[in-house]
Amino acid sequence: METSSSVSKAFILFLSIALLLGTELIQCSVTYDSKAIIINGQRRILFSGSIHYPRSTPDMWEDLMQKAKDGGIDVIDTYVFWNGHEPSPGNYNFEGRYDLVQFIQTAQKLGLYVNLRIGPYVCAEWNFGGFPVWLKFVPGISFRTDNGPFMTAMQGFTQKIVEMMKSQNLFQSQGGPIILAQIENEYGGISKLLGAPGEAYMNWAASMAVGLDTGVPWVMCKEVDAPDPVINTFNGFYCDTFTPNKPYKPTMWTEAWTGWFTEFGGTILQRPVQDLAFAVARFIQRGGSFVNYYMYHGGTNFGRTAGGPFITTSYDYDAPIDEYGLVRDPKYSHLKELHSAIKLCEQALVSSDPTVTTLGKGQQAHVFSTGQGICAAFLSNSDSESAASVLFNNKRYKLPPWSISILPDCSNEVFNTAKVGAQASQIQMSPTNSILLSWETFDEDIFSLEDSSTLAAIGLLEQINVTRDSTDYLWYMTSVDISSSESFLSRGQMPNLTMVSRGHAAHVFINGQLSGSAYGTREDMLFTFTGPVNLHAGINSIALLSIAVGLPNIGLHYELWQAGILGPVTLHGLDQGRTDLSWQKWTYKVGLQGEAMNLASPNAVSSAEWFQGSLVTQGQNPLTWYKANFDAPEVDGPLALDLLSMGKGQAWINGQSIGRYWTVYANGNCSACSYAGSYRSPKCQVGCGEPTQRWYHVPRSWLQPTQNLLVIFEELGGDVTKISLVTRTSS
Ligand SMILES: *[C@@H]1O[C@H](CO)[C@@H](O)[C@H](O)[C@H]1NC(C)=O
Ligand SMILES: *[C@@H]1O[C@H](CO)[C@@H](O)[C@H](O)[C@H]1NC(C)=O
Ligand SMILES: *[C@@H]1O[C@H](CO)[C@@H](O)[C@H](O)[C@H]1NC(C)=O
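What counts and how
Residues numbered from 1 in each chain as written. Chains lettered and ligands numbered in written order. Predicted model: local features only at pLDDT ≥ 70, side-chain atom pairs only at ≥ 80, totals over all residues. Heavy atoms only, no water. Disulfide = S-S within 2.5 Å. Helix = DSSP H or I, 4+ residues; strand = E, 2+ residues; numbered from the N terminus. Phe/Tyr/Trp six-rings, centres within 6.5 Å; stacked < 30°, edge-to-face > 60°. Lys NZ or Arg CZ within 6 Å of the ring centre and 35° of its normal. Core = buried A, V, L, I, M, F, W, Y, C linked by side-chain atoms within 4.5 Å. Buried < 20%, exposed > 50% of the residue type's maximum accessible area, 1.4 Å probe, protein only. Near = heavy atom within 4 Å. Areas by Shrake-Rupley, 256 points an atom, 1.4 Å probe, with all protein chains shown as cover. Nonpolar A, V, L, I, M, F, W, Y, C, P; charged D, E, K, R; others polar.

To continue, consider the state of the cysteines. As enumerated under the stated definition, the model contains three disulfides in all. Paired through a disulfide, C670 and C688 show a sulfur-sulfur distance of 2.1 Å. Across the disulfide from C670 to C688, rotation about the S-S bond amounts to roughly 90°, and the bridge is consequently right-handed. Here C688 lies in the loop between β37 (685-686) and β38 (695-698) and C670 lies in the loop between β36 (656-662) and β37, a separation of 18 residues in the sequence. Here C673 connects covalently by a disulfide to C684, the sulfurs 2.0 Å from one another. Between C673 and C684, the disulfide has an S-S torsion of 70° and is therefore right-handed. Of this pair, C673 sits in the loop between β36 and β37 while C684 sits in the loop between β36 and β37, and the two are eleven residues apart along the sequence. C239 takes part in no disulfide bond, and the closest cysteine sulfur to it belongs to C221, at a distance of 12 Å.

Overall, the coordinates contain 49 aromatic pairs when judged by the stated rule. A cation over an aromatic ring shows up here: R282 above the ring of W402, its NZ or CZ 5.2 Å from the ring centre. The side chain of R468 reaches across the aromatic face of F137, ending 3.5 Å from its centre.

The next thing to look at is the nonpolar core. The biggest cluster of nonpolar side chains holds 135 residues, and the ones touching the most others in it are L116, M165, Y293, L338 and I342. Judged by nonpolar contacts, the second largest core, of 49 residues, contains W475, F509, L623 and V720.

Attention now moves to the site of ligand 2. Around ligand 2, the neighbouring residues are Q493, M494, N496, H572 and G573. Look at ligand 2: alone it shows 360 Å² of surface, and the protein chains cover 41% of it. Among the residues forming the shell around ligand 2, the class breakdown is one nonpolar, four polar and no charged.

In structure tokens:
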């Protein structure tokens, strides 16, 4: 009995293994070797493009991906945004812009592959690097290191995503589109700083991921020690010197930067496509086989998703598809031609190693030949000043400076990275026939001594600890009693208030009047406000509105970085000299009254006292809510709000936040830009002296035909009558 049962069990096991092996041969698999990712037995040269699902709306996804496919993209790359998916512990959101499964199925429908970069640390100029802010408050937690509470949480989320993908058969091993997955993100630098605990954590992360048994390879980008079988990959403007840590891993470039992000009041950078194409061709000619463009479509940081502080709401990135989903030429078309030229060489590239010969000073030939008549050549000129004429296989080729010619048959040039045929897109933002009607205003109360507060403390509190990032805003309020004998009252010289904040911005109100504002920067969040304040004899209220403008997304243990007015807060010019207010009683209010009343929502209970008509046009008042109605414009095409006339704040359409706005001006040096020569950050700026962001994307799908509600919260003062709805066209 016993024996026969084990025998039959063994037989069944044998049968199922045979079946498994058998099906695997004819079914799906992703593996790799030193040359390339191997899909169903074929080595592949793959072009990939980053498109982040929450940075556009679901109705845009298919069009974005179809354009990517038409542009020669094989793979859609996305991070997974934990803080969007798990807004509070155990409460998940996979709806709307966070419908990850639908996003991946859209790629599948179009015949595209997916690289799923789970992270769950993603950086990405995204709020808190993608981590939910509640994670910071898990007892005993320490991010991205050998720490039990962190590793438990990270494993839980990673496993949840992998299980979700498996349940929908989305891994390529199951017949789905996901060919690669990423664990962690750019960990190498952090690992070095942390030493042994960093190394232990990284090894744990790799084996945890591999243990999830997805049937597709895992990658770690910018992590030279990635343990087998995880593939280490590279991110940067160029990928000329990177080699994987083992000779049996393929050379993969998971982020080829197509441009750069923008911060409010910073510089606006563009990357010339001739240089980007040159970088990609240079990578392929040295044996690289996987290139992902970061970003291929950058999109929009809707709501409060921008990282920071001070990352703009636009995440356009100078990508081949612009923020609004329109093709950006010549970038898009030139890369498309590059991709088809390289695909003509695919057979040669995956089946041989290059033979390199020198053709001149700075000129080389990389020849891929199988010896069976298959031959492809890349002729390069790395001289950034001069064109070159080179002799190759008894033929002359003219190579512009800083360029590569591609010869898929080792004879005919089909493409040169510096010879751009496509015309530049002409972008226009044109008025629509939509009129913003019946403006009304609501004055946000300035926190004052009469207000009751649920929170008071001796001393100054850290902002995120109080708000848990449920809002950008935290009021700090205290009072100061000025004796009528103070000599400044008769001298007429106002005392100064000095306030030190850890970030990110603050407005100072004295007795209900705006006294001034101060701002940190992304590089230096700490800032000091100093200014004269109008105090009178008796009790004066000092109300400080502290604003977090996106939480940091990068840096060693950024979860410990503080925000808010941590002091000291001092008065100068009183008879007793410097007066420190830091350690007196402060009261606190989390968020705005208008937020508590849900003023931005079309379903808000309308107990709010909105004022109509002429008050609006007079209003240049700080801390004011505005609303108006409009009908959807009759024109087709993407829409934007022109907020040039406004100061700083947030805007909503039909209750959905289109993001933070701030009219500050780009600084920098917009002198002529040459594509030739190494691209580095200050090079090729545009928009000097113009607002870093003037237009704010309004997704079509957020509009109804009539009676759309626009709500604006303005912190400083602006002219809402000059706001308009415009359409973006490209020709
Ligand atoms: C955060 O707030 C709690 C009380 O809610 C307090 O005990 C703790 O010390 C605060 N932490 C920091 C870093 O301010
Ligand atoms: C206030 O600050 C200004 C600028 O730093 C300075 O010129 C002025 O003397 C200060 N006033 C007092 C009362 O300290
Ligand atoms: C701007 O950049 C150009 C080119 O790099 C340089 O020659 C010029 O001096 C710069 N101008 C300023 C004002 O820095």
